[in-house]
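# Reading the structure
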Amino acid sequence: MSVTSFFQKTWVRWALVIIVVVLLAVAPLMMSVLTNQTLARIGVFAVGVLGLNVVMGYAGQVSLGQIFFVGLGAYITAYGVLHDWNIVLVFLLACIGPAVVGLLIALAAARLGGLAIAMVTIALPIVGVPLAKRLGDLTGGSQGLSASFTAAPEWSGLANDQWQLYIVILITAIVFLLTRNLVRGRYGRAFAIVKGNEAVAGSMGISPYWYKVIAFTVASLIGGVAGFLYMAVVQFTSPETMSFAHSITLLASMVIGGAASIVGSLLGGAYYVLVPQLTNIVDPNATALLQGAILLIVLFVLPGGLVSLPRVVRRLLTRGRAGRSGRGPGHLQTTPTAAPDPSVAAEGTPTERQGHA
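Notes on the structure in this doc start here.

### Focus on the packing of aromatic side chains
Going through the model one piece at a time under the given rule, you end up with ten aromatic pairs. Pairing F45 with Y230 gives two aromatic rings, centres 6.2 Å apart and planes at 75°, and the pair type is edge-to-face. Taken together, the residues span a long stretch of sequence, with F45 in helix α3 (residues 33–58) and Y230 in helix α11 (residues 208–233) at a distance of 185 residues. For Y230, a relative accessible area of 14% puts it in the buried group. Members of the aromatic cluster, joined through ring pairs, are F45, Y230 and Y272.

This is how it looks when you write it as structure tokens:
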């Protein structure tokens, strides 16, 4: 039995799910404050990368403004918390607000071609930063907003970092599960067809325009969820949150993690948080250079992102085994032919025997 067929068994999958759930439930209690905070940040930006993956990885539409929706969700969350709104209402508004803005932008931009859509989405963080500075009464201007709402309740017996990580784990798991069902269902198939060829999609009765709008809206909503989680963990937001540089980093995280991949979004979130920390340790003055080098190396070695690493390793091992057995790509396997029967050769064909007679 191969490893792949083993993991495809239903009971094995359920066992793995149970193991993962138990680990997620126990891990925050066993790790340090710094580790919990780092994992919480990874969850935040994994959700941000997931939203970008919906519109770019699955639907194939260029979007360079996903960080704008993350920042918008963070601002809505901070404003609601500072005005003592119900936290459930704040969460809903942090999701709905970016989704509505994304819908309005998509209705206007989805008719455009690839580069035109890219230009529209580039404008979002470029316009969003000065707009946030100007609307000081709502956003705190250049100073930003601080809001704390994730202090652990006394009945939980948890530290603040543990409580925050549990919140991130719960919301992130729900968002990833719902997105997985979306991209594996009817909408996901339609996204793939639109991404492959819009003319073919139109001939099949699939409206490229409306599915682009849906993809942009879903991505914006997920960005709003990431913004809510950002405030839950960081507890501060400013115009810098939605800067264009962060948008490019989010895009690089999606590419390195793996486009059109749920697991790739998790890996992208880890890249977004961990790689800047590592490059700062190596040389704080060469952070951008080192990150660019990592991006190029991954693209050359793993064009499909880090999520494709197991597949590449398995392919290399298969080729290695084939080479050792003498059945490499250049090996020609010949079928042995039976040796001719001497008696038949001596007697000849019936016609020849008649001629001899």
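Following the structure, the description resumes.
### So, helix α8 (residues 160–183)
In this model, α8 (24 residues) spans 34 Å end to end at C-alpha, consistent with the 34 Å of a helix rising 1.5 Å per residue. Buried within α8 we find D161, Q162, Q164, L165, V168, I171, T172, V175, F176, T179, L182 and V183. The secondary structure elements touched by the buried residues of α8 are α2 (10–30), α3, α5 (87–109), α9 (186–196), α11 and α13 (262–282).

### A look at the pattern of salt bridges
Opposite charge on two side chains lets them pair, provided their charged atoms get close. On inspection of all chains with the given rule, the structure shows one salt bridge. Across the pair K212 and E198 runs a salt bridge whose closest N-O atoms are separated by 2.9 Å. On the criterion of sequence distance, the pair formed by K212 in helix α11 and E198 in helix α10 (residues 198–203) is long-range, its members being 14 residues apart. With a relative accessible area of 35%, E198 lands in the partly exposed category.

### Things to note about the side chain of N36
Within the secondary structure, N36 sits in helix α3. Residue N36 is classed as buried on the basis of its relative accessible area of 0%. For N36, the side chain forms a polar contact with the side chain of D161, separated by 2.7 Å. Ignoring anything within four residues of it in the chain, the contact list for N36 reads A27, P28, M31, D161, Q162 and L165.

### Considering unusual backbone geometry
For Q235, which is not glycine, the phi torsion reads 65° and is therefore positive. Among the secondary structure elements, Q235 is positioned in the loop between α11 and β2 (236–237). For Q235, a relative accessible area of 22% corresponds to the partly exposed category. Non-glycine residue A260 carries a positive phi angle of around 55°. Structurally, the position occupied by A260 is in the loop between α12 (244–257) and α13. Accessibility expressed as a relative area gives 33% for A260, which makes it partly exposed.

### Some words on the packing of α2 against α8
Viewed as axis vectors pointing N to C, α2 and α8 meet at an angle of 160°, and their least axial separation amounts to 9 Å. Between α2 and α8, the angle is such that the two are roughly antiparallel. In the crossing of α2 with α8, the sense of the turn from one axis to the other is right-handed. In this structure, α2 contributes L24, A25, P28 and L29 to the contact, and α8 contributes Q162, L165, Y166 and I169.

### A few points about a nonpolar patch on the surface
Residues I87, V88, L92, I96, V100, L103, L104, L107 and W210 make up a contiguous nonpolar surface patch of about 790 Å² in total accessible area. Counting residues per element, the nonpolar patch draws most heavily on α5, which supplies eight residues. Tracing the sequence through the fold places L92 in helix α5.

### Some thoughts on α3
Across its 26 residues, α3 extends 36 Å between first and last C-alpha, which sits within 8% of the 38 Å expected from 1.5 Å per residue. Taken as a whole, α3 carries its principal kink of about 35° at L52. Backbone geometry just after α3 places G60 at a positive phi near 75°.

### As for the side chain of D161
Within the fold, D161 resides in helix α8. Nearest to the buried, unbridged D161 among oppositely charged side chains is R41, at 12 Å. Beyond its immediate sequence surroundings of up to four residues, D161 is in contact with S32, V33, N36 and Q37.

### Overview of the environment of L29
Within the secondary structure, L29 sits in helix α2. For the pair L29 and W163, spaced 134 residues apart in sequence, the C-alpha to C-alpha distance is 9.7 Å. Not counting residues up to four positions away in its chain, the partners in contact with L29 are L158, Q162 and Y166.

### Side note on the packing of α5 against α11
Viewed as axis vectors pointing N to C, α5 and α11 meet at an angle of 150°, and their least axial separation amounts to 7 Å. Remark: the crossing between α5 and α11 carries right-handed chirality. Note on element contacts: α11 touches α5 through Y209, W210, V213, F216, T217, S220, L221, G224, V225 and F228, opposite I87, V90, F91, A94, C95, P98, A99, G102, L103, A106 and L107. Looking at the contact of α5 with α11, its residues break down into 17 nonpolar, four polar and no charged.

Procedures and definitions
Residues numbered from 1 in each chain as written. Predicted model: local features only at pLDDT ≥ 70, side-chain atom pairs only at ≥ 80, totals over all residues. Heavy atoms only, no water. Phe/Tyr/Trp six-rings, centres within 6.5 Å; stacked < 30°, edge-to-face > 60°. Helix = DSSP H or I, 4+ residues; strand = E, 2+ residues; numbered from the N terminus. Buried < 20%, exposed > 50% of the residue type's maximum accessible area, 1.4 Å probe, protein only. Expected span 1.5 Å × (residues − 1). Contact = heavy atoms within 4.5 Å. Salt bridge = Lys/Arg side-chain N within 4 Å of Asp/Glu carboxyl O. Polar contact = N/O pair within 3.5 Å; in protein donor to acceptor, adjacent residues only side chain to side chain. Axes fitted to C-alpha atoms, helices over the stretch in contact; angles between N-to-C directions. Parallel < 35°, antiparallel > 145°, perpendicular 65-115°, else oblique. Left-handed = near helix turned anticlockwise from the far one by under 90°. Patch = residues over 30% accessible without salt bridge, like charges linked within 9 Å, V, L, I, M, F, W, Y side chains within 5 Å. Areas by Shrake-Rupley, 256 points an atom, 1.4 Å probe, with all protein chains shown as cover. Bend = angle between axes of the 7 residues up to and from the residue. Lys, Arg positive; Asp, Glu negative; His and termini not counted. Nonpolar A, V, L, I, M, F, W, Y, C, P; charged D, E, K, R; others polar.

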